[in-house]
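# Descriptive analysis of the structure
Listed here are the chains, written in short residue letters.
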Amino acid sequence: MRVPEHVAIILDGNGRWAKSKGMPRSYGHMKGCANLESICDDVKDLGIRYFTVYAFSTENWKRSRDEVEGLMKLFRSYLKRCLKIADRNKMQVKVIGDITAFDPDIQESIRVLEDYSSKYNELYFQIALNYGSRDEMIRGIRSLARDVRDGRLNPEIIDEKIFEGYLDTAGVPDPDLLIRTSGELRLSNFLMWQLAYTEFYFTDVPWPDFNRDELVKAIETYNIRDRRYGGVKEE
Ligand code: FPP
């Protein structure tokens, strides 16, 4: 089995999974969080080098106050526990998205986790928090425009490579495989620039039930696809 270098997952279905069990949505998020920890170990074990997950979108603030508060609590504890997961998997962690919207203690936990894990390079793990692809591009363009205005960047030399350097994912190769759990067939404003040539895999399995076997199934499906890139078929 050829393992993709970079796998991205839209974590979806915690709420419906919990409801189907007669439990509150917060229970689904708790299980989803535990599942993220175990999938991270599987990702490392399978030899995937880059792993990106969509955990909280710029739109998710619109959920009920209770749910958002519950998620913040979960992020607080997860970001702390993630130091151990980073050690275990020799994993460098980076949060993508506009983190300035989070409470100062969450922003501090993110900085601590990123600094602490920067010594590792066996797995690169990106967590999208308050992330939206349009927001990422607008923030990038603002910063690019400032560099042009201040004479640091010549507009005539701007190309794809230079633009990518202004995105949150700068320096990270584009995903080879995108997985979305729980049946929805949408991108939901996730990595729209970076997914231009990515293979998509959609499954009805809700995120809390998405285990190593499901991940392997997704990779096997990816393996039997033609990777054409608009050019000549790979041999
Ligand atoms: C999607 O399910 C999940 C979320 C928007 C919540 C975020 C993800 C987790 C809690 C996993 C852990 C991640 C971290 C970084 C701790 P949904 O609520 O959209 O489910 P539904 O579509 O069934 O309502």
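For the structure itself, consult the block above.
Small disclaimer: the values here were computed from a predicted structure and weren't measured.

### Notes on the layout of surface pockets
Estimated volume of the largest pocket: approximately 680 Å³. Looking at the largest pocket, it is lined by 33 residues, and the ones nearest its centre are L11, Y54, A55, N60 and R63. At the level of secondary structure, the elements contributing two or more residues to the lining of the largest pocket comprise α1 (14-20), α2 (25-46), β2 (50-57), α3 (65-89) and β4 (123-131). For the lining of the largest pocket, a count of residues per class yields 15 nonpolar, 10 polar and eight charged.

### Observations regarding the sheet that holds strand β3 (residues 91-96)
Note: strands within a sheet are paired through backbone hydrogen bonds, in either parallel or antiparallel orientation. Reading across from one edge, β3-β4-β2-β1-β5-β6 is the order of the six strands in this open sheet, with parallel pairing throughout. The open sheet has two edge strands with one neighbour each: β3 and β6 (199-202). Pairs of neighbouring strands in the sheet enclose a mean axial angle of 20°, with direction left out of account. Sheet analysis places strand β1 (residues 6-10) next to β2, joined by five bridges and oriented parallel. Opposite I9, over in β2, you have V53 as the bridge partner. In the packing of α3 onto the sheet, the strands contacted are β2, β3 and β4, and the crossing angle to β3 comes to about 155°.

### A closer look at the nonpolar core
A general tendency of soluble globular proteins is for nonpolar side chains to be buried together. Residues I9, F51, F125 and I179 are the most contacted members of the largest nonpolar core, which totals 47 residues. Counting residues per element, this core draws most heavily on α3, at 10 residues. Apart from residues lying up to four places away in sequence, I9 is in contact with F51, T52, V53, Y54, I179, F190, W207 and F210. Core analysis: the second largest hydrophobic core is formed by 10 residues, A8, I96, L178 and L191 among them.

### Observations regarding the pattern of salt bridges
Here the structure, examined in full by the defined rule, presents 24 salt bridges. In this structure, the salt-bridge partner of E184 is R16, at a minimum N-O distance of 3.1 Å. One end of the pair, E184, is in the loop between β5 (177-180) and β6; the other, R16, is in helix α1, and 168 residues separate them in sequence. Taking relative accessible area as the criterion, E184 reaches 23% and is therefore assigned partly exposed. For R212, the salt bridge is made with D42, and the minimal N-O distance between the two is 3.5 Å. Here R212 is found in helix α7 (residues 212-223), whereas its partner D42 is found in helix α2, with 170 residues between them in sequence. Through salt bridges with shared partners, one network takes in D12, R16, R180, E184 and R186.

### Some details on the site of the ligand
With respect to spatial proximity, 19 residues lie near the ligand, and among them D12, R16, R25, A55 and R63 are the closest. One of the backbone nitrogen or oxygen atoms of N14 is found 3.2 Å away from an oxygen atom of the ligand. Side-chain polar atom of R25 to an oxygen atom of the ligand: 2.9 Å apart, as the coordinates give it. When the ligand is considered free in solution it has 610 Å² of accessible area, and contact with the protein chains removes 93% of it. Cavity membership is defined here by more than half of the atoms lying within 2 Å of grid points; on that basis the ligand lies in the largest pocket. Those elements that provide at least two residues to the shell around the ligand are α1, α2 and α3. The element contributing the most residues to the shell around the ligand is α2, with five residues.

### Concerning the side chain of E199
Position of E199 among the secondary structure elements: in strand β6. What makes E199 buried here is its relative accessible area of 14%. Here the side chain of E199 touches R225 through a polar contact of 2.8 Å, side chain to side chain.

### Digging into α3
With 25 residues, α3 extends 34 Å between its outermost C-alpha atoms, agreeing within 8% with the 36 Å of an ideal straight helix rising 1.5 Å per residue. Of all the bends found along α3, the most pronounced is centred on R81 and spans about 30°. Of all the residues in α3, the buried ones are E67, V68, L71, M72, L74, F75, Y78, L79, C82, I85, A86 and N89. Turning to α3, the residues buried within the fold contact α2, β2, β3, α4 (104-117) and β4.

Conventions we followed
- Residues numbered from 1 in each chain as written.
- Predicted model: local features only at pLDDT ≥ 70, side-chain atom pairs only at ≥ 80, totals over all residues.
- Heavy atoms only, no water.
- 1 Å grid on protein atoms, 1.4 Å probe; cavity = no way out; pocket = protein on both sides within 12 Å on 5 of 7 lines; lining within 4 Å.
- Points joined across faces, edges and corners; volume = space filled by probe spheres on them.
- Helix = DSSP H or I, 4+ residues; strand = E, 2+ residues; numbered from the N terminus.
- Nonpolar A, V, L, I, M, F, W, Y, C, P; charged D, E, K, R; others polar.
- Pairing = 2+ DSSP bridges.
- Axes fitted to C-alpha atoms, helices over the stretch in contact; angles between N-to-C directions.
- Contact = heavy atoms within 4.5 Å.
- Core = buried A, V, L, I, M, F, W, Y, C linked by side-chain atoms within 4.5 Å.
- Buried < 20%, exposed > 50% of the residue type's maximum accessible area, 1.4 Å probe, protein only.
- Salt bridge = Lys/Arg side-chain N within 4 Å of Asp/Glu carboxyl O.
- Near = heavy atom within 4 Å.
- Polar contact = N/O pair within 3.5 Å; in protein donor to acceptor, adjacent residues only side chain to side chain.
- Areas by Shrake-Rupley, 256 points an atom, 1.4 Å probe, with all protein chains shown as cover.
- Sits in = over half its atoms within 2 Å of the grid points.
- Expected span 1.5 Å × (residues − 1).
- Bend = angle between axes of the 7 residues up to and from the residue.

Just geometry here; none of it tells us what the structure is for.
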